[in-house]
Structure formats: structure tokens, C-alpha cells
Amino acid sequence: MTRTVLSISGTDRIEFLQGLITNDMARAEDGIIYAALLTPQGKYIADFFVIGRADDILIDVASSHAAQLFQRLSMYRLRADVQITETDLIASRGTGSPPMGSFSDPRHEALGWRAYGATDVSQPADWDAINVEHVIPAAGVELTPDSYILEHNFEALNGVDFRKGCFVGQEIVARMKHKTTLKKGLVRVALDVPAKAGALITSHDKPAGVLHTVSGLNALAYLRFDRSTEMKIGAADVRLRQ
């Protein structure tokens, strides 16, 4: 998945992002955090990495979501001293020996490192297998405009801070955290036979969920938890993985 790196500059840049994104900008000072921008209704717009630097803030986002994120941030800018530009930086990643100046991926240690520079120094890895094993959602795959981030493992992936104060969609996210029990969510499943992403999962002939990223006979699925027993894709069994 190709990435776009934006630069947020201006004297109000930290306060600007602090009031919008799901994570705490204090954690990004000279480091990296994972975060998202949501609609006021608490639904997903984009997920990204935020990297604090001395004179600006970098945002590393999937290229497929960069234009929409740029537009939303520009809409919120109003009179703040904030400038948003697209950079020529290349986002690299890998799981082996990290290059100088790289950052540990803040979501999970198994995801290795991320680096930003003029050249691509990425190392090959079976990212689908890693994402499935550790329940890592991807933009445009598991994460869609209908997604709620708590149903997609964001808390475990260090992507939301409930102590930082307000952010766009915060009321809905907090309510899901403190006042409800999640009825749906992203989970790992094991397949009896190979299947393709997009396959519908049923339980007792009722819709139970949909298959997303597949790695061999393991996959990520978005499921209704009250229908997570005796699941099938066609006639083949699907089992929850713990």
C-alpha cells in the first residue's frame, strides 16, 4: 500500500491536531504515534502516523486516503496558524535491523520500524500474515467509512487516548468504551479450506460477518459476536482464533 507524507507547520500545529485526532499529541514529541480522524458521528475517515519534529509535524497516511484527510484538515484549519503541504518524503517499513533515524511502529512490536527519507529502504515481509496474526486493520480493507475504531482494535493498537480530552467523534468513542458492550468487531478466524476476502460468513443460515485480509488458512473477519458459533463460508467451517 503506497503512502503519502503530509507536513503540518505553523505555530498552532500542535493545538490544532490535538483537538482533532484520537491520540495525544504530547506522545508525538520527537516520536511517533498512531491515530485517526473521525466524523462527528464517530466513524472512520483515515488512520495515520503522526511524527513530531522541531519545526513541523509529519502525517504518514495511505495514499488512497490522503486527499480526503488533506481536505478535512483544511476545513478545520479556519484562522489557525497552520499550513498543510504534501512532501516528497518516502515512507519505508521493515521488520529487520532498523535504519538510522527510524521509529518503532507504535501499534505492535511485530510490525517493526518505520522511516522517512528521500529513498525507499523498505524490507520485504509477509505483511498480510503479520496483520492477521495481530489483528491489524488496513485502510480501505477492514477500515471503511462505516467503521467504528473500537470495533477494529484501535485501543489495543495504541491508537486512541481516553484521557487527552476532546477530539472529533470523541463522545461516540467514549460511549462505546464506557457504556456499551461491543456487539461486533474485527477478529482472527481459522478456515477449513481456502477462501477469498469478501466472502460472507453465516451462522445457522443467518449472516454473521464478512472475511477481510486472508493469509493461508487464517484471516481477519468482521463479525457479529452473537453469531460467532458454528460459522461457515458455504459448507466450509470457520472458527474463531484466540
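Every value quoted in this text rests on a predicted model; they were computed, and no experiment measured them.

You can see glutamate 86 is positioned in strand β5 (residues 83–86). Its relative accessible area of 59% is what places glutamate 86 among the exposed residues. Each C-alpha atom, one on glutamate 86 and one on arginine 227, is 44 Å from the other, the two residues being 141 residues apart in sequence. The residues touching glutamate 86, leaving out its near neighbours within four places in the chain, are Thr4, Val5 and Leu6.

Along the chain, aspartate 55 falls in the loop between β3 (44–52) and β4 (57–62). The sequence separation of aspartate 55 and glycine 169 amounts to 114 residues, and the corresponding C-alpha distance is 28 Å. Apart from the residues lying within four places of it in its own chain, the contact partners of aspartate 55 are Ser9 and Arg13.

Glancing now at the sheet that holds strand β9 (residues 184–191). The 6 strands are arranged β9-β12-β11-β10-β13-β14 in a closed barrel whose pairing can be described as antiparallel. Shown here is a sheet whose adjacent strand axes are inclined to one another by a mean of 40°, direction ignored. Looking at chain direction, strand β10 (residues 200–203) and strand β13 (residues 231–233) are connected through 2 bridges and run antiparallel. Each residue of the ladder has a partner; that of serine 203, found in β13, is methionine 231. The strands touched by helix α3 (residues 127–134) within the sheet are β9, β11 (206–215) and β12 (218–224), with β11 carrying the most contacts at an inclination of about 135°.

What follows deals with the sheet that holds β5. To summarise the sheet geometry, strands pair through backbone hydrogen bonds and adopt either a parallel or an antiparallel arrangement. In space, the 5 strands of this open sheet follow the order β2-β3-β4-β1-β5, with antiparallel pairing throughout. In this open sheet, the two edge strands, each paired with only one partner strand, are β2 (32–38) and β5. Ignoring which end each strand starts from, the neighbouring axes of this sheet average 30° apart. Alignment of β3 against β4, held across 5 bridges, turns out to be antiparallel. What sits directly across from valine 50, in β4, is isoleucine 59. Strand contacts of helix α2 (residues 63–77): β1 (3–9), β2, β3, β4 and β5, with the helix running at about 135° to β4, the strand carrying the most contacts.

This paragraph deals with the nonpolar core. Formed by 26 residues in total, the largest nonpolar core has its most connected members in Tyr116, Ile149 and Val173. Of all the elements in the fold, those that place two or more residues in this core are β2, β3, β4, α3 and α4 (170–178). The element contributing the most residues to this core is β2, with 4 residues. Beyond its immediate chain neighbours, meaning those up to four positions away, valine 173 contacts Leu38, Ile149, Leu150, Val160, Phe162 and Phe167. Within the second largest apolar cluster, 24 residues are counted, among which are Phe16, Leu20, Val50 and Val82.

The rules behind the values
- Residues numbered from 1 in each chain as written.
- Predicted model: local features only at pLDDT ≥ 70, side-chain atom pairs only at ≥ 80, totals over all residues.
- Heavy atoms only, no water.
- Helix = DSSP H or I, 4+ residues; strand = E, 2+ residues; numbered from the N terminus.
- Buried < 20%, exposed > 50% of the residue type's maximum accessible area, 1.4 Å probe, protein only.
- Contact = heavy atoms within 4.5 Å.
- Pairing = 2+ DSSP bridges.
- Axes fitted to C-alpha atoms, helices over the stretch in contact; angles between N-to-C directions.
- Core = buried A, V, L, I, M, F, W, Y, C linked by side-chain atoms within 4.5 Å.

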